[in-house]
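# Topology and contacts: notes
Residue-level listing of the chains:
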Amino acid sequence: MTQFRWRGGLLLPALLAGALHTQAQSFKDGKLTLNPDGSHYLKLTLLNQVWVRYNQSNPGTQVDGFSKPETYDIGIRRFRMQFFGQLTDRVFIYSQIGINNFSYLSDRKVGFFLHDAVGEYAVVKTKLSLGTGLGAWNGLSRFTASATGSIMGIDLPLEAETTNDVNDQFGRKLSIYAKGKLGKLDYRVALSDPLDVTKGSAGAAALTRNANFSRRPGQPQYQAYLMWQFKDQESNLTAYNAGTYLGKKNVFNVGVGAIVQPKAMWYLADNGRDTLTQAMKQVAVDVYYDAPRDTAKGAPSVSFYAAAMHLDYGPGYLRNNGPMNPATGTRATNALLGAFGNAFPQYGTGNVVYSQLGYKLRDNLVGPTTFMPYVSYQYSHYKRLADDLHYFDAGVNWLLAGHTSKLTLSYQNRPYYITNASGENVVDRRRSAVVAQYQVSF
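Residues numbered from 1 in each chain as written. Predicted model: local features only at pLDDT ≥ 70, side-chain atom pairs only at ≥ 80, totals over all residues. Heavy atoms only, no water.

## Concerning the pattern of salt bridges
Across all of its chains, the model carries twelve salt bridges by this definition. With a closest N to O distance of 3.9 Å, K125 and D89 form a salt bridge. Pair noted here: K125 is in the loop between β8 (113-124) and β9 (128-135) and D89 is in the loop between β6 (70-86) and β7 (91-102), with a separation of 36 residues, a long-range link. What makes K125 partly exposed here is its relative accessible area of 42%. The partner of E234 in a salt bridge is R142, and the shortest N-O contact between them spans 2.7 Å. With E234 in the loop between β13 (221-229) and β14 (251-268) and R142 in the loop between β9 and β10 (173-182), this pair connects stretches of sequence that are 92 residues apart. Judged on exposure class, the residue E234 and its partner R142 are both buried. (Salt bridge = Lys/Arg side-chain N within 4 Å of Asp/Glu carboxyl O. Helix = DSSP H or I, 4+ residues; strand = E, 2+ residues; numbered from the N terminus. Buried < 20%, exposed > 50% of the residue type's maximum accessible area, 1.4 Å probe, protein only.)

Structure representation (structure tokens):
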């Protein structure tokens, strides 16, 4: 029998080095293979998205009590570190940490927080995997779980993240999930345990006749999303769906999804005393097309996505959102829900249509780089608004090295709502922003 002796604490490192020398075949692009054929591996990825922005503030906007009719800022919209691996033929682990929205208004030395931590087991390879943990195996739509490193425009379709930071953690939920592929059907279903809303962005909401998320202990949340993939098959290794493949795939999918949570919402009855509850019910259908125009290498490509969503949060539910809001408050007393900075009512009870279209020009158009102009549009008919919501975003990506290095310039236009003398929530005017983003991703 071979005997091992402890010598200056070097035994364990020596054993690990020997194991890696024997089993690991390569370390490339952040991927360390663990067996000769590379089917077992560990992988590290990084993403950094930095915004440089001019924003035309909502009327009355203030920063720390000082009037700011417009703002200029630089911020880290997203930074991510992913670490995941196929440890055996059936065991997979995925984790992600990072920060969102670090700007001049952020607390100093803010810490990274946990985005994802899931483990899963392939019961029937490719057909059925079961997993659990904190993750984004959500229902409703394709871009309810977006791969942020490959989004087509300046930002995600945030209206698809319908409970973002209310009873989840930036779209991630504590869940038990099943996923897989059955022929051309790609499916995911999940049973989620909602996070306590008192610690989320809706925690301070008062109980009124307009519905809001209940502060009572949450009921389980049921989620599902099914995609029929007519052409090239997409990977479902992680929960996140690609924004655009830049012509590297020929994809045409039609999807349908839902999220239901019993007794998620509460509100006051008409008598002003009794508390009523109801389920949160959301359904969506969507279509995704991403393909090259022809078979020539580096050919132009088209990317198109459209979704129709019915969102039922209960009577009168409405919530503002302002991505990386560059302000802290407002003095305007008639601003709907006190909207300041770049906020507008992005979520509510009603119907939403979202669409985006992009066109990548041929590769190597300018040296080794090319361009991809895009446009996106959100239309929302929310029951609490007298005027329907229209939100526009148009811009161009300068693809310096695909999604690995790209510069995006965007123009955004949003509505500013007030509550008028008749008590109606109407559009008072429109506000704009210009955003430049530099992304590095691998």
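## Side note on the sheet that holds strand β5 (residues 66-67)
The sheet built from three strands is open, its strands ordered β5-β4-β18 with antiparallel pairing. Two strands in the sheet have a free side with no partner beyond their single neighbour: β5 and β18 (329-330). Note that strand β4 (residues 61-63) and β18 share two bridges and pair antiparallel. Residue pairing across strands places T61 opposite T330, the latter belonging to β18. (Pairing = 2+ DSSP bridges.)

## Examining the nonpolar core
F213, M265, M280, M309, Y313, Y317 and L385 are the most contacted members of the largest nonpolar core, which totals 29 residues. The set of elements that each furnish at least two residues to this core consists of β14, β15 (275-292), β16 (301-312), β19 (344-348) and β22 (389-399). The element that contributes the greatest number of residues to this core is β14, accounting for four residues. Not counting residues up to four positions away in its chain, the partners in contact with M280 are T163, F213, Q221, I259, V260, Q261, A264, M265, D312 and Y313. The next biggest cluster of nonpolar side chains, apart from the first, holds twelve residues, and it includes F92, A145, A239 and Y240. (Core = buried A, V, L, I, M, F, W, Y, C linked by side-chain atoms within 4.5 Å. Contact = heavy atoms within 4.5 Å.)

## Focus: the pairing of β19
Burial analysis of β19 places five of its five residues in the buried class, the great majority of the element. Here strand β17 (residues 318-321) runs beside β19; their pairing, made up of four bridges, is antiparallel. Looking at the pairing, N320 lines up with P345 of β19.

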